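Each chain, written out:
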Amino acid sequence: MSNKISEIDYLEVIEYSLDPLIIHTDYQIMYINRAAEELFGTTKNEIIGSSPLDIFKEASKDSIRNRIQSAYGRPADVIEETVYRIDGTTVEVELYCHPIVVEGKRAIQTYVRDITERKKADQKQIEMTAQVNELSATLVPLLNGLAILPLAGSFDDQRARQLVDIVPSKVQDQNISSLIIDFSGIYNLDNVVADHLFKINKVLSLLGVQTIITGLRPELAMVATNLNLNLASIPVMTTVKDALSYLGIEFKNNN
């Protein structure tokens, strides 16, 4: 089997690879495959002999130069970079390179993967998460000076921290004096996140805002107990309706 593998035409293998590949030595490009030609909008004849540093922004060249030198001895870590095409446009790529030997001379083979779409998707996800987090900190006004903060979904550390940062300023902007924090929509809560959420009460109390907690299910109450959180000073009600009754607000049934 090993004899058969040794007979494989390596150049043909990399030529038809779907990943763009560049082979270079002494800061001169020796070879690029078809995928690299397509990515950079060039041909082998146009780019062979030029420096691999030419595709990088000026600010990245020193670090790339050091990376190339170290890659003659061992594979380099995967990194993300912005590189230039021949027409001057840029593309976000992932780079991985490792040492090889070409005709008895040390060289480097670099894999270039276009991650433009992935980066766009990541940015879109970040923006969507920010919007969701902003919505999760929305105060719903009920009466003058009274609002409800309905918490819903799964809270991670980042979302909980953002809530602690956003809510106090919104309370001040809307002149809220009493805030009902409803936990009934939360289905996932760990100790770290719970600690952040319950800190909201401490911050609001310093602002002179009365808080009432509703919808605290038994498992969430257990988390608070495990954290040794003192809820004695916070009115805890089963439902929002109970909280309104506690505040002396009654709704007449017209039926």
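Owing to the predicted nature of the structure, the values given are computational and were not obtained by experimental measurement.

**Describing the overall build of the protein**
Within the protein, the regular secondary structure consists of 10 helices and 10 strands. Taken across its 255 residues, the protein has 41% of its residues classed as buried. Per element, the accessible surface of the protein, about 15,200 Å² overall, is 52% carbon and sulfur.

**Some remarks on the sheet that holds strand β2 (residues 28–32)**
Read across the open sheet, the 5 strands follow the order β2-β1-β5-β4-β3; overall the sheet is antiparallel. With one partner strand each, in any of the chains shown, β2 and β3 (79–84) form the two edges of the open sheet. Between one strand axis and the next, the sheet turns through 40 degrees on average, direction left out of account. Direction of pairing for strand β4 (residues 90–102) relative to strand β5 (residues 105–114): antiparallel, over a ladder of 10 bridges. Residue pairing for β5: I100 is matched across the bridge by A107. Contacting β1 (21–25), β3, β4 and β5, helix α5 (residues 61–71) runs over the sheet at an angle of about 30 degrees to β4.

**Focus: the environment of K57**
Looking at where K57 falls in the secondary structure, it is placed in the loop between α4 (44–47) and α5. The class for K57 is partly exposed, based on a relative accessible area of 35%. As a C-alpha pair, K57 and Y84 span 27 residues in sequence and 7.6 Å in three-dimensional space. Each residue touching K57, except ones within four places of it in the same chain, is listed here: T82, Y84 and T90.

**Focus on the environment of D114**
With respect to the helices and strands, the residue D114 is situated in strand β5. You can call D114 partly exposed: its relative accessible area is 39%. With 31 residues separating them along the chain, D114 and V83 place their C-alpha atoms 10.0 Å apart. Among all residues touching D114, those that are not within four sequence positions of it are L39, R85, V91, E92 and V93. In terms of polar contacts, D114 uses its side chain to reach the side chain of T116, at 2.7 Å.

**Details of the pattern of salt bridges**
Scanning the entire structure with this criterion turns up 11 salt bridges. The salt bridge involving R34 is made with E15; its shortest N-O contact spans 3.2 Å. Taken as a pair, R34 in helix α3 (residues 34–40) and E15 in helix α2 (residues 10–15) lie far apart in primary sequence, 19 residues in all. What makes R34 partly exposed here is its relative accessible area of 41%.

**Thoughts on the packing of helix α7 (residues 157–173) against helix α8 (residues 191–206)**
Where α7 meets α8, the closest approach of the two axes is 8 Å, and the angle between their N-to-C directions is 10 degrees. When the axis of α7 is compared with that of α8, the two are roughly parallel. Residues D157, A160, R161, L163, V164, V167, P168 and V171 of α7 lie in contact with α8, whose contacting residues are V192, V193, H196, L197, I200, V203 and L204. Looking at the contact of α7 with α8 residue by residue, the class counts come to 12 nonpolar, 1 polar and 2 charged.

**What to know about α7**
Spanning 17 residues, α7 covers 25 Å between terminal C-alpha atoms, matching the ideal 24 Å at 1.5 Å per step. All buried positions along α7 are accounted for by R159, A160, L163, V164, I166, V167, P168, K170 and V171. Directly beyond the C-terminal end of α7, a positive phi value near 55 degrees is found at N175.

**A short note on the packing of aromatic side chains**
Applying the stated criterion to the full structure yields 1 aromatic pair. Note on Y96 and Y111: the rings are 5.8 Å apart at their centroids and 35 degrees apart in plane angle, and the pair reads as tilted. Residue Y96 is found in strand β4, and its partner Y111 is found in strand β5; the two are separated by 15 residues along the sequence. With a relative accessible area of 30%, Y96 lands in the partly exposed category.

**Section: a nonpolar patch on the surface**
There is a patch of nonpolar side chains on the surface, built from I8, Y10 and V13 and spanning about 290 Å² of accessible area. Residue placement: I8 occurs in the loop between α1 (2–6) and α2.

Rules used throughout
- Residues numbered from 1 in each chain as written.
- Predicted model: local features only at pLDDT ≥ 70, side-chain atom pairs only at ≥ 80, totals over all residues.
- Heavy atoms only, no water.
- Helix = DSSP H or I, 4+ residues; strand = E, 2+ residues; numbered from the N terminus.
- Buried < 20%, exposed > 50% of the residue type's maximum accessible area, 1.4 Å probe, protein only.
- Areas by Shrake-Rupley, 256 points an atom, 1.4 Å probe, with all protein chains shown as cover.
- Pairing = 2+ DSSP bridges.
- Axes fitted to C-alpha atoms, helices over the stretch in contact; angles between N-to-C directions.
- Contact = heavy atoms within 4.5 Å.
- Polar contact = N/O pair within 3.5 Å; in protein donor to acceptor, adjacent residues only side chain to side chain.
- Salt bridge = Lys/Arg side-chain N within 4 Å of Asp/Glu carboxyl O.
- Parallel < 35°, antiparallel > 145°, perpendicular 65-115°, else oblique.
- Nonpolar A, V, L, I, M, F, W, Y, C, P; charged D, E, K, R; others polar.
- Expected span 1.5 Å × (residues − 1).
- Phe/Tyr/Trp six-rings, centres within 6.5 Å; stacked < 30°, edge-to-face > 60°.
- Patch = residues over 30% accessible without salt bridge, like charges linked within 9 Å, V, L, I, M, F, W, Y side chains within 5 Å.

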